[in-house]
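Okay, here's what each chain looks like letter by letter:
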Amino acid sequence: MTVSVLMRIKEGGKRPYIRAVWNGKKLKPFIGLMNGVEVTRPEASYYLRFVDEGKNTLEPVGKDPAEVLTFLAVRQATLEAKANGVQVVEPVRAKTPGRPSIQEAIDAYLDKLTRKKKYEPTIKSKRYELGEFAKFCKRHYVDEITSEDLIDFREHFLLTKSDRTVYNKLISVVTWLKHNPLLSVRGLLEYPDDYPQKVDTDPEPYTDEDLRKLKQAATPRERLILQFFLSTGCRDQEVAHVEFSDLDREHNLVRIHKKPDWKPKTAAGTRSIPISAALMRDLHEQPGYGSQRLVFPASEGGCNQHFLRLFKDLGVRAGVDKIKLHRFRDSYATHQLRMAKTFDEIYAVAKRMGHSNLDTIKLYAEFLKNTSPEAQEQAAHMDSLGEAHTVTQ
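Residues numbered from 1 in each chain as written. Predicted model: local features only at pLDDT ≥ 70, side-chain atom pairs only at ≥ 80, totals over all residues. Heavy atoms only, no water.

### What about the overall build of the chain?
- The helix and strand inventory of the chain stands at 14 helices and eleven strands.
- Of all 393 residues assigned to the chain, the portion counted as buried reaches 41%.
- Here the analysis covers contacts within the chain between residues at least 6 apart in sequence; of these, 61% occur between residues at least 24 apart. (Helix = DSSP H or I, 4+ residues; strand = E, 2+ residues; numbered from the N terminus. Buried < 20%, exposed > 50% of the residue type's maximum accessible area, 1.4 Å probe, protein only. Contact = heavy atoms within 4.5 Å.)

Pasting the structure below:
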């Protein structure tokens, strides 16, 4: 079985693989000649490349050229044994006391998020993403993880996932390394190219027909929750933590701010959002006003974590596909911007959505520009290019 040795070096803000060079029986960090002089890269990391059970595999083996030969001999012997039908059991590394393993650090981090009462779906997502990393990474202990391990994880998923999805996975791993309570690891990714490009997605507001169907199929409580999402552009956790004390009846404002067990996503998330007098009245006339703290509590009285489930069920009854909570936020932004006439009004929309600047709001403005009647007229004009025109005398 053929096992190749590759080097990975830092060069021009990137981390390319190159084939390692042999000097007789000794492996050297040698990458070529310059004016007759050997050029070496002693900081290179080494990998073994081979095919195991039909899968192309890259195995990290450290930075010491002498140790690489030992790993190479062991891997070649293992593959030859498998090829001859011998069952090979990979050795299990003994645990070093006081040295956190990857799985221990993941468990401790998830427990930390649970104790801080983080959003349940967020914890579930982190558990899945970090589980993917633990399964992929060849290391055992947290302090063994290198920048190459993170880049390998990134490149593995770039083959099948979008750049934005891989970016989110990588950020989850980097955040875990930085904030797990057992051992903080920082600075492994230092180049801009280490991260996939985070591509912004186009807004996807609900159509008027979608909203009509949803409201028609909704129960009174569902319709009130739907209207609140639509009229405030709030994120689901902001809606979940709105209390009756946050409703300013005199000025018809909803205040989004920090609570003892929760805080907005960003500092700009602390804000006041105007709503109609009719919606304010409906919020106070619903059952529970005066006897409960939260405006939209869960059925058992705690913080509601199941708005998506509620709207998906409603979507099935209404015949509306592609139900996403963020689409209500998209609807709020696009309709508010369509009515804005001045820069101050546009900036006010950004502030009401909890944005610190206009970068995100530009996406909505671009969407409106591309879907405007003027844009459609221009597009229709392109269809007539090159066609004969009738000239009237």
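Let us keep going from here.
### Focus on the packing of aromatic side chains
- As enumerated under the stated definition, the model contains twelve aromatic pairs in all.
- Among the aromatic side chains, those forming a connected cluster through ring pairs are Phe133, Phe136, Phe153, Phe157 and Trp176.
- The ring of Phe157 is capped by Lys169, whose NZ or CZ atom sits 5.0 Å from the centre of that ring.
- The ring of Tyr206 has Arg327 sitting right over it, with the charged end atom 4.2 Å from the ring centre. (Phe/Tyr/Trp six-rings, centres within 6.5 Å; stacked < 30°, edge-to-face > 60°. Lys NZ or Arg CZ within 6 Å of the ring centre and 35° of its normal.)

### Side note on the nonpolar core
- The biggest cluster of nonpolar side chains holds 45 residues, and the ones touching the most others in it are Leu283, Phe296 and Phe311.
- Counting residues per element, this core draws most heavily on helix H7 (residues 220-232), which supplies six residues.
- In contact with Phe311, other than residues within four places in its own chain, are Ile225, Leu226, Phe229, Ile323, Leu325 and Phe328.
- Judged by nonpolar contacts, the second largest core, of 25 residues, contains Leu113, Ile151, Leu170 and Trp176. (Core = buried A, V, L, I, M, F, W, Y, C linked by side-chain atoms within 4.5 Å.)

### Some words on unusual backbone geometry
- Positive phi outside glycine occurs at Asn252, with the angle close to 55 degrees.
- Within the element layout of this structure, Asn252 appears in the loop between strand S9 (247-248) and strand S10 (253-256).

### A closer look at the sheet that holds S10
- In space, the three strands of this open sheet follow the order S9-S10-S11, with antiparallel pairing throughout. At either end of the open sheet lies a strand with only one pairing partner, and these are S9 and strand S11 (271-274).
- For S10 and S11, the ladder comprises four bridges, and the chain directions are antiparallel. When the bridges of S11 are listed, Val254 appears paired with Ile273. (Pairing = 2+ DSSP bridges.)

### Comments concerning the pairing of strand S7 (residues 45-52)
- With six of its eight residues buried, S7 lies for the most part within the structure.
- In this sheet, S7 lies alongside strand S1 (residues 4-8) in antiparallel orientation, the contact comprising five bridges. Bridge pairing in S7 places Val5 opposite Leu48.
- Bridge count for S7 against strand S8 (residues 55-60) is six bridges, and the pairing is antiparallel.

### Some words on the sheet that holds S7
- Strand order in this open sheet of four strands is S2-S1-S7-S8, and the pairing throughout is antiparallel. Strands at the two margins of the open sheet, each flanked by one partner only, are strand S2 (17-19) and S8. Adjacent strand axes in the sheet meet at a mean angle of 35 degrees, parallel and antiparallel pairs treated alike.
- Alignment of S1 against S2, held across three bridges, turns out to be antiparallel. Residue pairing across strands places Arg8 opposite Tyr17, the latter belonging to S2. (Axes fitted to C-alpha atoms, helices over the stretch in contact; angles between N-to-C directions.)

### Notes on the pairing of S10
- Side-chain alternation along S10 places Val254 and Ile256 on a buried face and Leu253 and Arg255 on a face that remains uncovered.
- Direction of pairing for S9 relative to S10: antiparallel, over a ladder of two bridges. Across the sheet, the residue bridging to Asp248 is Leu253, located in S10.
- Where S9 folds back onto S10 in an antiparallel hairpin, the turn is made up of four residues, including Asn252, whose phi is positive at roughly 55 degrees.

### Some remarks on helix H1 (residues 65-83)
- With 19 residues, H1 ought to run about 27 Å at 1.5 Å a step, and its terminal C-alpha atoms sit 27 Å apart, in line with that.
- Buried within H1 we find Pro65, Val68, Leu72, Arg75, Thr78, Leu79 and Ala81.
- One or two steps after H1, the chain reaches Gly85, where phi turns positive at roughly 85 degrees. (Expected span 1.5 Å × (residues − 1).)

### What to know about the packing of helix H2 (residues 102-115) against helix H3 (residues 120-136)
- It is at 11 Å that the axes of H2 and H3 come closest, and there the two elements cross at 170 degrees. Taken together, the axes of H2 and H3 are roughly antiparallel relative to one another. Contact residues: Ile102, Gln103, Ile106, Tyr109, Leu110, Leu113 and Thr114 in H2; Ile123, Lys126, Arg127, Leu130 and Ala134 in H3.
- Partitioned by chemical class, the residues of the contact of H2 with H3 number eight nonpolar, two polar and two charged. (Parallel < 35°, antiparallel > 145°, perpendicular 65-115°, else oblique. Nonpolar A, V, L, I, M, F, W, Y, C, P; charged D, E, K, R; others polar.)

### A short note on the side chain of Asp330
- Checked against the element boundaries, Asp330 lands in helix H11 (residues 325-339).
- In this structure the side chain of Asp330 is engaged in a polar contact, spanning 2.9 Å, whose partner is the backbone nitrogen of Glu204.
- A polar atom in the side chain of Asp330 sits 2.9 Å from the side chain of Tyr364.
- Leave out the neighbours within four places in its chain, and Asp330 touches Pro203, Glu204, Pro205 and Tyr364. (Polar contact = N/O pair within 3.5 Å; in protein donor to acceptor, adjacent residues only side chain to side chain.)

### Focus: the packing of H7 against H11
- At a closest axis distance of 7 Å, the pairing of H7 and H11 adopts a crossing angle of 50 degrees. The pairing of H7 with H11 is recorded here as oblique in orientation. Residue-level contacts link Leu226, Phe229, Leu230, Ser231 and Thr232 of H7 to Leu325, Phe328, Ser331 and Tyr332 of H11.

### Describing the environment of Leu279
- With respect to the helices, strands and loops of the structure, Leu279 is situated in helix H9 (residues 277-285).
- In this structure Leu279 comes out as buried when scored by relative accessible area, which is 4%.
- In sequence terms Leu279 and Ser231 are 48 residues apart; their C-alpha atoms lie 8.6 Å from each other.
- Not counting chain neighbours up to four residues away, the residues in contact with Leu279 comprise Leu224, Gln227, Phe228 and Ser231.

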